[in-house]
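Descriptive structure summary
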Amino acid sequence: MERYEKTFLVLSAAVLVAFLVALAYATIAMHIELPGKAGVIPIKPGQNVAAAVLATAPFNHPGVTKTGPDQYQVAIVAQAWTYYPREIEVPAGARVTFVVTSVDVTHGFEIPGTRVNMMLIPGYISKLSYRFRKPGNYRIICHEYCGILHHTMTAVLRVK
Ligand code: CUA
């Protein structure tokens, strides 16, 4: 075997190991999980996903709920091409848990500048917690292509 072949084999293996370590870090240390692990929407026979989502708590009343001292849950329903609710307000420094699902197709849920970044799969619940320390307006964007008006799919999170 040529020396440069050996070098490339070792480099390729090192890259794979680095990716595995990054994946383990994301799941174990940062608690980033696949949609579905946080829950699924119960769908009755003959019922469509949208009807099932809107009949399931907390998506039957999407919005902000105080769940404890300095803790908030934000339930959001994604639908082509918007989020319900489209405007959310939380206090700065509080722990905010996003509980999000989609009623139609796969959407994204990203808040640029933070590690809030989830994929939303119809019928599956995506969940992630984050503390917004800096007050301001944060834009929520869809980063999974979901049709002709995908680029207009946004919402705003106001941190006061
Ligand atoms: Cu929703 Cu792109």
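None of the values given here were measured: they were computed from a predicted structure.

1. Some words on a nonpolar patch on the surface
On the surface, a cluster of nonpolar side chains totalling about 360 Å² of accessible area is made up of Tyr4, Phe8 and Leu11. Along the chain, Phe8 falls in helix α1 (residues 3-29).

2. A closer look at the nonpolar core
Tyr83, Phe98, Phe109, Ile111, Phe132 and Leu157 are the most contacted members of the largest nonpolar core, which has 24 residues in total. Of all the secondary structure elements, the ones that give two or more residues to this core are β2 (71-79), β4 (87-90), β5 (95-102), β7 (117-120), β9 (136-141) and β10 (154-159). Beyond its immediate sequence surroundings of up to four residues, Phe109 is in contact with Ile76, Tyr83, Phe98, Val100, Val116, Asn117, Met118, Leu120, Ile140, Ile141 and His143.

3. Regarding the side chain of Thr154
Considering the arrangement of structural elements, one finds Thr154 in strand β10. Polar side-chain contacts of Thr154 include one of 3.2 Å to the side chain of Arg139. Beyond its immediate sequence surroundings of up to four residues, Thr154 is in contact with Tyr83, Arg86, Arg139, Ile140 and Ile141.

Analysis parameters
- Residues numbered from 1 in each chain as written.
- Predicted model: local features only at pLDDT ≥ 70, side-chain atom pairs only at ≥ 80, totals over all residues.
- Heavy atoms only, no water.
- Patch = residues over 30% accessible without salt bridge, like charges linked within 9 Å, V, L, I, M, F, W, Y side chains within 5 Å.
- Areas by Shrake-Rupley, 256 points an atom, 1.4 Å probe, with all protein chains shown as cover.
- Salt bridge = Lys/Arg side-chain N within 4 Å of Asp/Glu carboxyl O.
- Helix = DSSP H or I, 4+ residues; strand = E, 2+ residues; numbered from the N terminus.
- Core = buried A, V, L, I, M, F, W, Y, C linked by side-chain atoms within 4.5 Å.
- Buried < 20%, exposed > 50% of the residue type's maximum accessible area, 1.4 Å probe, protein only.
- Contact = heavy atoms within 4.5 Å.
- Polar contact = N/O pair within 3.5 Å; in protein donor to acceptor, adjacent residues only side chain to side chain.

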